[in-house]
Structure formats: C-alpha cells, structure tokens
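Chains, contacts and geometry: an overview
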Amino acid sequence: MRIFAASLATESNSFSPIPTNRDSYEQTIYFKPGEHPDRGTLCTGPLWVARRRAKQEGFELIEGSCFWAEPSGPTTQAAYESMRDEILDQLRAAMPVDGVLLGLHGAMIAHGYDDAEGDIITRVREIVGPKVVIGVEQDPHCHLTEKRIRACDIMILFKEYPHIDFAERADELVTLVVKAIRGDIKPVMSMYDCGMIDVIPTTREPGRSFVDKMTKLEGRDGVLSVSLCHGFTQGDVAEQGTRVLVVTDNAKAKGDALAAELAEEIREKRGTWYPPYLTYDDAITAAYAEEKGPVVVADPSDNAGGGAASDNTNIIRRLLERGVTDAAVGPIWDPVAVQLCQASGVGATFKLRFGGKTSETSGLPIDADVTVLGLTKDGLQTFGKAMVKFGDGAGIRVGGVDIALISHRTQALGLEIFTSVGIDLSKKKYVGVKSTNHFYAAYGPIAAKVIYCDGEGPSALDARKYPYTKVRRTIWPHAELPEGKLIV
Ligand SMILES: [Zn+2]
C-alpha cells in the first residue's frame, strides 16, 4: 500500500491589508519532502501522523511538500500555482498510489481561485483517477464547497476551537483512508448548509456540548465521522457559511438525515455560540466598573490570527482620551517603532510615532512622549505546548497606558508579549489583547473577568460589517434565516 501526503494551507482574509506571496509561506512553514520535523503543526497533521502510522499499518508513505503562511490577504496567483504544481508534480512522480492525504486549511483564497482547495483536490483526482482514496483534513474556519466534497472521499475537520485536536483528527483520517483502501469501508459524504454563519468557540456552552455530541455519534450505526464547518467571515467567497458534514459507511440516507438534524440545532442556537460583545467605549466603561482587575478585554477585529495587521490604535486613543490609569494593550505590530525603542534603551523618554500604519483599518498613528519600560530580542510566547515567535519587542508607557510593541506579526497567545517587555499585568485594571479566542488559554487564568468587544480592525466579529461582493446576502445574519439545504 502506497500513500502520498502533502500540505498547502493558509487562511485568507479578503479585507486584510497584508499581501501573501511565496515568501510569506517560506518564512513561516516550508518543508520539502522528508524535511518535516518530528513535531506536528496545525495543518501538516496528516503527513506527520502518517509517518508514525506507516510503520504500524505497513504502508509506504511518500512525502510531498508542506506549506503554511500566517493568515493575511489572498495569495498571489503565481505563488499559489507554483506551490500547487510543486505538490502535483511530486504526486505524479509517486504514482501509482493507493491513497492521498492532504492537510489543507480550507479558507485559502488565491487571485483567480476563490476555491483554492477545490482546485487542488480536483487536480489530485484527475491525476490519481476515480479509485484512489483521497482524504483531507481542514480547519473548521473553512469554506466547505461542493466542489471539494465531490472531489475527495473523506473530509474531516478539527472539532475544537482553540484547535487543540488537530493530531487526533489526522489520526482518524489516516484510519479511515487505510480502511477504505483495504475495502473494509465505503465512505459516503453528506453535507448540509445551515443558511447562516456564526463564531463557535468550544471552550464554552453551547459549543462544548455540541462537540461532545458529534464525538458520541461517531463509530456506531455506520457513522464514521461528523464535522462542523463554522465558516470564515473574513473570506469573501460565494459558498461562505456554516455547514455540517457527515461521513457514513455507505449509508447516504442516514448521513443526510443526521446532517440535517445537527444543522437544525446549529440554526436554532444562532447568535448564542459566541459570548455577547461590546463596542470599544462600552468595553472600557464595563472594565473600569469592575471592582477587581485585571479585566481582560479581547478585540477580535484586529486579530493577526484572522489576517489583521494588529496595529489599530483606536482603542489606545480612546483609553488615553478618557484619562484611564493602570491599562495595558497589546500586541501592536510596528517593527519601526520597536527599532527606535531598541535604539533609545530602557528608561528613555522620547517622542515616538507608533501604530496606525498599514491601512485605513489601522486607525491613525499615535504621536506621544513615551517611556521605554522594557525590551526583548527574538521574543517567544507560550501557546499550549508550542512557542510562537513575536520577534523583537518593546514595552512603552503613554500616560496611564502601557503598550506592547512587536516586530513579527502575531496575536496575543502567551503573557510574554507583555511580561518580557517590562509590563506587569497583575497590577493592571485593564488588559487589552488583540485575539478572538486563542488568548483565553493564558489570559483566562489571570483575569478577574473577560470581556469581548468588536472593534474597528479588518477582522470584525459581526459579519454585517464586511463590504462583501460575493458572499450570499440571503443567509443569516444578513437576512432572515432561510431554509437549510442538503448540498451533497
Ligand atoms: Zn480556525
């Protein structure tokens, strides 16, 4: 048995001011065949897991290239085609194979390709023919298009948000692909469109119970796998939306009915999956009304993890205008300001312009007399078992607000964004973080309270804020909830 595996992944925000080219991938993750390190990454799970499983199951793994770029704007056409064709050439050279494993993200847009994953899976099918088993793993923040479902045999999405289960889902994918190759199962997929889009964290109810329910349904009565596609509001594509996917062992009618039943629950609970969120001003008022701090205030709209620049200054400006004390905000991505702080040294007070640079969704830069609180080089922050780089950093104080500046664009995951640049969060009343839900692992435990707000960056929570040209305006929350629909 011969199985080919490769990965091509990013999450494209149609409204991000940051362009994405081949360098964007090569500077983040680019493993050529055989170069994948012995640790998993979110979207290379299938290849990494298949290495271990190859020995156990007795199949031969042929490794292709793996690519991942930080979320940002659509990938250039030339970059997408060169990475895609690199993988397809490797597959052609590996033929004949019995199976193909693809680690994709599922929300990649390239110029000329609104459905990049649909394109690559279809081309893989053209190369391997109808009988070879194609298995795909994706992030739930994907666009689950009809084209990609029709072109592969088994699709499995991460269930958890934060996505801590990527390796378990990859393991399941390898198991099902191997069984299908052996003829032990005949996977058939059912996909149901919920007629809506929502943000669905699984660290709280009702998302937690829904994931547990999906898991319990699997492995019995012919149900092989159940996935929920949350959808990705920042991607302006026709098939954006929340969808349910069920894989059965040759039981299409059962899969169709189960997908429809699960979709009905998602639809009924629309608008309740994410915690209530406030405007910037109401969030500041609410935080300072609390008796105890720190109150952690998340701003998903400027989350680098969703493709934002993370240099919007509006909330800092509001805090300064209101004359607050004991506040901290971060991270602000501004490599030039970091460089100037590094040159000035800890303790220096000088006139600095920072933030508000990348685009109109960044707000305006702030000019102020700042004091440098602390500096770091090649900074790292903790995210679960991983260490994520944020580059050189500088902590500065303006009035009653301490600000963490970073040089490598990323969201607030670990406390080190602040603590490594001289900002003591335990003494703060207000801690503003640019992140949607991944911040919660580190910041939840130190918070007296967590408040969510929807701000003015390019990655808003409220889908109605986006100037879409392709997204269907007939789905909730753009319109009254329409009927749900079985697509596949
Ligand atoms: Zn995701």
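Report on the accompanying structure. (Residues numbered from 1 in each chain as written. Predicted model: local features only at pLDDT ≥ 70, side-chain atom pairs only at ≥ 80, totals over all residues. Heavy atoms only, no water.)

Section: the sheet that holds strand β9 (residues 243-249)
Selection criterion: Pairing between strands requires that DSSP locate at least two bridges from one strand to the other. What counts as a helix is a DSSP run of H or I of at least four residues, what counts as a strand is a run of E of at least two, and both are numbered from the N terminus.
One open sheet holds the 4 strands; their spatial order is β8-β9-β7-β19, and the pairing between them is antiparallel. Two strands in the sheet have a free side with no partner beyond their single neighbour: β8 (223-229) and β19 (485-486). The pairing of strand β7 (residues 187-193) with β9 spans 7 bridges and is antiparallel. Looking across to β9, one finds that P187 is bridged to D249.

Observations regarding the packing of helix α7 (residues 207-217) against helix α8 (residues 252-268)
Just so we agree on the cut-off: To obtain an axis, a line is fitted to C-alpha atoms, over the contacting stretch when the element is a helix, and the angle between two such axes runs from 0 to 180 degrees between their N-to-C directions. An angle counts as roughly parallel when it lies under 35 degrees, as roughly antiparallel when it exceeds 145, as roughly perpendicular when it falls between 65 and 115, and as oblique in every other case. Contacts were defined at the residue level, with two residues in contact if any of their heavy atoms lie within 4.5 Å. Under this grouping Gly is polar, as are all residues other than the nonpolar Ala, Val, Leu, Ile, Met, Phe, Trp, Tyr, Cys and Pro and the charged Asp, Glu, Lys and Arg.
The interhelical angle for the contact between α7 and α8, taken along N-to-C directions, is 170 degrees, at an axis separation of 12 Å. Taken together, the axes of α7 and α8 lie roughly antiparallel to each other. Only L258, L262, E265 and I266 of α8 make contact with α7, whose side of the interface consists of F210, K213 and L217. Here the contact of α7 with α8 is built from residues that sort into 5 nonpolar, no polar and 2 charged.

What to know about the sheet that holds strand β11 (residues 295-298)
Read from one edge of the open sheet, 9 strands run β10-β18-β11-β17-β12-β16-β15-β14-β13, paired in mixed fashion. What marks the edges here is a single partner per strand, and that holds for β10 (277-278) and β13 (349-354). Strand direction decides the pairing type here: strand β14 (residues 366-383) and strand β15 (residues 386-398), joined by 10 bridges, are antiparallel. Counterpart to T382 in the pairing with β15 is M387. In the packing of helix α10 (residues 314-321) onto the sheet, the strands contacted are β12 (327-333), β13, β14, β15, β16 (401-406), β17 (430-433) and β18 (449-453), and the crossing angle to β12 comes to about 155 degrees.

Some remarks on helix α4 (residues 116-128)
Under the convention used in this document: One fewer than the residue count of a helix, multiplied by 1.5 Å, yields its expected span. Think of it in three bands: residues with accessible area under 20% of the maximum for their type are buried, residues over 50% are exposed, and the middle band is partly exposed, with areas taken using a 1.4 Å probe on protein chains only.
Its 13 residues give α4 an end-to-end C-alpha distance of 19 Å, which sits within 8% of 18 Å, the value for a rise of 1.5 Å per residue. Listed as buried for α4 are A116, E117, G118, D119, I120, I121, V124, R125 and V128. Following α4 by one or two positions, G129 has its phi on the positive side, about 85 degrees.

Topic: empty space enclosed by the protein
The rolling of a water-molecule-sized probe over the atoms marks out the regions of remaining empty space. Stated formally: Only protein atoms enter the 1 Å grid used here. Points where a 1.4 Å probe fits but cannot escape make up a cavity, open sets with protein on both sides within 12 Å along at least five of seven lines make up a pocket, and a residue lines them when an atom lies within 4 Å of a point. Grid points are joined across faces, edges and corners, and a volume is the space filled by probe spheres set on the points.
Evaluated as defined, the whole model comprises 2 cavities of 30 Å³ or more. In this model, the largest cavity occupies a volume close to 50 Å³. The wall of the largest cavity is formed by V297, D299, I315, V329, Y430, G432, V433 and K434. The greatest single-element share of the lining of the largest cavity, amounting to 3 residues, is contributed by β17. Counted by class, the lining of the largest cavity contains 5 nonpolar, 1 polar and 2 charged residues. The calculated volume of the second largest cavity comes to roughly 40 Å³. Lining the second largest cavity we find F158, K159, I200, T202, G207, F210, V211, M214, L228 and H230. Among the residues forming the lining of the second largest cavity, the class breakdown is 6 nonpolar, 3 polar and 1 charged.

Some thoughts on the packing of helix α3 (residues 77-94) against α4
For clarity, the cut-off: We call a crossing left-handed when the near helix sits turned anticlockwise from the far one by less than a right angle, and right-handed when that turn is clockwise.
Contact geometry for α3 and α4: axes closest at 11 Å, N-to-C directions at 25 degrees. What the angle tells us is that α3 and α4 run roughly parallel. In the packing of α3 onto α4, the handedness of the crossing is right-handed. Packed against α3, whose contacting residues are Y80, R84, L88, L91 and R92, the element α4 presents A116, D119, I120, R123, V124, I127 and V128 at the interface. For the contact of α3 with α4, the per-class residue count stands at 8 nonpolar, no polar and 4 charged.

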